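# Summary of the model geometry
One letter stands for each residue in the lines below.
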Amino acid sequence: TNTIVIHHQRPPLVHTHPSNMTVVSNDPSLWPFISSDIFYSYWMVATGVVVVYDWVLTLGQEIELIWRQRWSLMTVLYMITRYIGIPYS
């Protein structure tokens, strides 16, 4: 006998028609996914702004207390922690 297997997949948020025009789906079942994607995007921007704001506020003290002093192991560890961590925040 012939059996038909149907796999249920979530429809794409955006798909392209043969005329190469992008169409946005207005399917209500996708709204929670769209909302979470928007929230995640806003959250990433907000955390980036906080990190840059903190860096700008403390840059003067960092120049005075770290960069103008004699370098030691602790200075190197501080710089590594400070500047390697920024892209990951």
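Residues numbered from 1 in each chain as written. Predicted model: local features only at pLDDT ≥ 70, side-chain atom pairs only at ≥ 80, totals over all residues. Heavy atoms only, no water.

## Some words on the pattern of salt bridges
Formally: In what follows, salt bridge is the name for a side-chain nitrogen of Lys or Arg lying within 4 Å of a carboxyl oxygen of Asp or Glu. Runs of H or I in DSSP of at least four residues are treated as helices and runs of E of at least two as strands, each being numbered from the N terminus. With a 1.4 Å probe rolled over the protein chains alone, any residue whose accessible area is under 20% of its type maximum counts as buried; one over 50% counts as exposed, and the rest are partly exposed.
Tallied over the full model, the rule gives two salt bridges. Residue R82 is joined to D54 by a salt bridge in which the shortest nitrogen-to-oxygen separation is 3.7 Å. With R82 in helix α2 (residues 73-85) and D54 in helix α1 (residues 31-67), this residue pair connects regions lying 28 residues apart in the sequence. Of the residues examined, R82 reaches a relative accessible area of 16% and is grouped as buried.

## A word on the packing of α1 against α2
Here is the rule: Only the stretch in contact is used when a helix axis is fitted, and all axes are lines through C-alpha atoms; the angle between N-to-C directions ranges over 0 to 180 degrees. Convention used here: angles under 35 degrees read as roughly parallel, angles over 145 as roughly antiparallel, angles from 65 to 115 as roughly perpendicular, and any remaining angle as oblique. Here a crossing is taken to be left-handed if its near helix is turned anticlockwise relative to the far helix by less than a right angle, and right-handed if that turn runs clockwise. Two residues form a contact once any of their heavy atoms are found within 4.5 Å. Gly counts as polar in this scheme, as do all residues outside two lists: the nonpolar Ala, Val, Leu, Ile, Met, Phe, Trp, Tyr, Cys and Pro, and the charged Asp, Glu, Lys and Arg.
Put simply, α1 and α2 touch, their axes get as near as 13 Å, and they point 165 degrees apart. Regarding the angle of α1 to α2, the classification is roughly antiparallel. For the element pair α1 and α2, the recorded crossing hand is left-handed. Contacts from D54, W55, T58, L59, E62, I66 and W67 in α1 reach T75, Y78, M79, R82 and Y83 in α2. For the contact of α1 with α2, the per-class residue count stands at seven nonpolar, two polar and three charged.

## Brief notes about the side chain of E62
With respect to the helices and strands, the residue E62 is situated in helix α1. Residues within four places of E62 in sequence aside, it is in contact with W67, Y78, M79, R82 and Y83.

## Description of a nonpolar patch on the surface
Going by this rule: Patch definition: residues with relative accessible area over 30% and no salt bridge; like charges joined within 9 Å; nonpolar side chains (Val, Leu, Ile, Met, Phe, Trp, Tyr) joined within 5 Å. Accessibility throughout is a Shrake-Rupley quantity obtained with a 1.4 Å probe, and a residue counts as covered only by protein chains that appear here.
On the surface, a nonpolar cluster with roughly 1,000 Å² of combined accessible area is contributed by W67, W71, L73, M74, V76, L77, I80, I84 and Y88. If you tally residues by element for the nonpolar patch, the top one is α2, at six residues. Looking at the element boundaries, W71 is found in the loop between α1 and α2.

## Let's talk about the packing of aromatic side chains
Just so we agree on the cut-off: Between 30 and 60 degrees the pair is tilted, below 30 it is stacked and above 60 it is edge-to-face, where a pair is any two Phe, Tyr or Trp rings, Trp via its six-membered ring, whose centres lie within 6.5 Å.
If you walk through the whole model with that rule in mind, you get one aromatic pair. Ring geometry for F39 against W43: centres 6.1 Å apart, planes inclined by 25 degrees, an arrangement best described as stacked. In this pair, F39 and W43 both sit in helix α1, four residues apart, roughly one turn of the helix. You can call F39 exposed: its relative accessible area is 55%.

## Digging into α2
Note the cut-off: Multiplying 1.5 Å by the residue count of a helix minus one yields the expected span of that helix. The directions considered for the arc are those from the helix axis to the C-beta atoms.
Between the first and last C-alpha of α2 there are 18 Å, a value that for 13 residues agrees with the 18 Å anticipated at 1.5 Å per step. Buried within α2 we find T75, M79 and R82. Looking straight down α2, one finds that the buried residues subtend no more than 75 degrees of arc, so they occupy a single side. For α2, exposure combined with an orientation more than 90 degrees from the buried face picks out L73, M74 and T81.

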